[in-house]
Amino acid sequence: MAETVLATHDLRKSFGALAATDGVSIDLRAGEIHAIIGPNGAGKSTLIAQICGALRPDAGRVAFLGQDVTGLSTQARARMGLARTFQTSALAMEDTVLQNVLLGALGASGRPWQFFGRASRDGALRDRAEAALEAVDLAELSELRTAELSHGQRRQLEVAVALTLAPRAFVMDEPMAGLGQEGSKRLTGFLDGLRAQAPILLVEHDMDAVFALADRISVLVYGRVIATGTVDEIRRDPRVREAYLGDAA
Ligand SMILES: Nc1ncnc2c1ncn2[C@@H]1O[C@H](COP(=O)(O)OP(=O)(O)OP(=O)(O)O)[C@@H](O)[C@H]1O
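Note that the structure is predicted; figures quoted are calculated from it, not measured. Residues take numbers from 1 onward in each chain, read along the sequence in its written order. Residues qualify for local features only when their pLDDT is at least 70, as the model is predicted, and side-chain atom pairs are given and counted only at 80 or more; totals for whole chains, interfaces and linings, by contrast, use all residues.

Caption draft 1: Representation of the overall build of the protein chain in the model. Going along the chain from the N terminus, every DSSP run of H or I of four or more residues is numbered as a helix, and every run of E of two or more is numbered as a strand. Along the backbone of the protein chain there are 10 helices and 10 strands. Two things to know: the radius of gyration comes from C-alpha atoms, and the globule rule equals 2.2 Å times the number of residues to the power 0.38. Over its C-alpha trace the protein chain gives a radius of gyration of 18 Å, about what one expects of a compact globule, namely 18 Å for 249 residues. With C-beta atoms placed from the backbone, the exposure class of a residue follows from how many other C-beta atoms lie within 10 Å of its own: 20 or more, buried; 12 or fewer, exposed; in between, partly exposed. In the protein chain, which comprises 249 residues, the share counted as buried stands at 39%. The long-range fraction of contacts in the protein chain, counting pairs at least 24 apart against all pairs at least 6 apart in sequence, stands at 66%. Contact criterion: two residues are in contact if their C-beta atoms, reconstructed from the backbone, are within 7 Å.

Next up, the structure:
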């Protein structure tokens, strides 16, 4: 079996009487896309927030690259290579595409932000930023203002920023949201190739994308994983059809 890169062990988080994450154990293996699906309010965002370090669990553990990271900050996990993408506000819209990636590369280098002007002339950083843009197919748009990119291209740019961190795992929060059919299809093709760089934990409501991309799917309902399996196993599972997929399966 492929190596486990990221895992949660019996993770629990309650808000008052509500158990938003009620003993979740999942793992992400090298080379795979593992999708997390479930109805609204199932606890997907709460789970992701605990995995990335934005929310402290009440109990349970998060392991990344074989290390217990439960007590580490978001920044410390990011420095280890845990890349959370698709919080679009992270992009500076008035800056160029290249500047956005340079900022990411600079952050990854651990150097202070005030050296940005110098960084844009730093050959190694620039090379790293340009390689990331090449990898997401945006090299030709590097001098464009970020605001001029399509929604789908902005998602690709966020991945480029993440690539400068040399990610060991991606955690993606609804990448298809707001893209429309054509945009989703294009981004699906892009993510398909990206799993070769690092495995992807994918929270997504767009079932076409999930069925096209996922090596495995976990279904979360009321804070619990009710099933984990391949696309076919999940589509056939009567509990999943009843709780979530219905006719979409
Ligand atoms: N900070 C909070 N305080 C109180 N309740 C919260 C908080 N965050 C989440 N919840 C509740 O926890 C439950 C799980 O929410 P969460 O946002 O994790 O679900 P989700 O699966 O991501 O939903 P969606 O698909 O709609 O994004 C919901 O009932 C939600 O109202």
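Caption draft 2: Seen up close, the site of the ligand. Being near a molecule or strand means, for a residue, that its backbone-placed C-beta atom lies within 6 Å of it. Contacts to the ligand come from Phe15, Leu18, Ala20, Gly38, Asn40, Gly41, Ala42, Gly43, Lys44, Ser45 and Thr46. Contributing elements (two or more residues each) for the shell around the ligand: β2 (18-29) and α1 (44-52). Among the elements that line the shell around the ligand, the one with the most residues is α1, at three residues. For the shell around the ligand, the per-class residue count stands at four nonpolar, six polar and one charged. In this classification, Asp, Glu, Lys and Arg are treated as charged, Ala, Val, Leu, Ile, Met, Phe, Trp, Tyr, Cys and Pro as nonpolar, and every other residue, Gly included, as polar.

Caption draft 3: Focus on unusual backbone geometry. One non-glycine residue, Leu65, lies in positive phi territory at about 55°. Its location among the elements puts Leu65 in the loop between β4 (59-64) and β5 (67-68). Residue Leu65 is classed as partly exposed on the basis of its 14 C-beta neighbours within 10 Å. Unlike most non-glycine residues, Asp137 shows phi in positive territory, near 70°.

Caption draft 4: Focus on the nonpolar core. Buried Ala, Val, Leu, Ile, Met, Phe, Trp, Tyr and Cys residues whose C-beta atoms connect them within 7 Å together make up a nonpolar core. Val101, Ala160, Ala169 and Leu202 are the most contacted members of the largest nonpolar core, which has 63 residues in total. At seven residues, helix α3 (residues 97-109) tops the list of elements feeding residues into this core. For each domain, the first and last residues come from an automatic or database assignment. Mapping this core onto the domain boundaries places at least three of its residues in each of domain 1 (1-81 + 167-248) and domain 2 (89-166). Sequence-distant contacts of Val101, defined by excluding residues within four places in its chain, comprise Ala129, Ala132, Leu133, Ala160, Val161 and Thr164.

Caption draft 5: Structural context of the pairing of strand β3 (residues 33-37). Counting buried residues in β3 gives five out of five residues, a clear majority hidden from the surface. Here β3 shows two buried faces, one formed by Ile33, Ala35 and Ile37 and the other by His34 and Ile36. Pairing between strands is defined by DSSP: at least two bridges between them are needed. As judged from the four bridges shared by β3 and strand β8 (residues 200-203), these two strands associate in the parallel manner. Opposite Ile36, over in β8, you have Val203 as the bridge partner. Bridge count for β3 against strand β9 (residues 216-221) is four bridges, and the pairing is parallel. Each bridged residue has a counterpart across the sheet, and for His34 the counterpart in β9 is Arg216.

Caption draft 6: Fine view of the environment of Met93. Along the chain, the position of Met93 falls in the loop between β6 (82-85) and α3. Overall, the presence of 13 C-beta atoms within 10 Å leaves Met93 in the partly exposed class. Sequence separation between Met93 and Ala147 is 54 residues, and the spatial gap between their C-alpha atoms is 4.7 Å.

Caption draft 7: Examining the sheet that holds strand β7 (residues 169-173) more closely. Within the open sheet, the six strands sit side by side as β6-β7-β8-β3-β9-β10. Their pairing is mixed. Looking at the sheet topology across the chains shown, the edges are occupied by β6 and β10 (224-229). Strand-to-strand, the axes of this sheet are offset by a mean angle of 20°, without reference to chain direction. Contacts from α1 reach β3, β6, β7, β8 and β9, with the element oriented near 150° to β7. Axes here refer to lines fitted to C-alpha atoms; in helices the fit is confined to the stretch in contact. Angles between the N-to-C directions go from 0 to 180 degrees. The sheet contacts of helix α10 (residues 238-245) involve β3, β9 and β10, and relative to β10 the element is tilted by about 125°.

Caption draft 8: Examining the domain arrangement of the protein chain more closely. Taken domain by domain, the protein chain consists of domain 1 (1-81 + 167-248) and domain 2 (89-166). If you average the C-alpha positions of domain 1 and of domain 2, the two centres end up 26 Å apart. Tallying the contact residues gives 12 residues for domain 1 and 10 residues for domain 2. Of the residues in the side of domain 1 that touches domain 2, the class split is eight nonpolar, three polar and one charged.

Caption draft 9: Looking closely at the environment of Gly223. Within the element layout of this structure, Gly223 appears in the loop between β9 and β10. For the pair Gly223 and Ala42, spaced 181 residues apart in the sequence, the C-alpha separation amounts to 5.4 Å.

Caption draft 10: Structural detail: the sheet that holds β4. The strand order across the open sheet built from four strands is β2-β1-β4-β5, with neighbouring strands paired in antiparallel fashion. For this open sheet the edge positions go to β2 and β5, each flanked by a neighbour on one side alone. Here strand β1 (residues 4-15) pairs with β4 via five bridges, running antiparallel. By the bridge assignment for β4, Ala7 is matched with Ala63.

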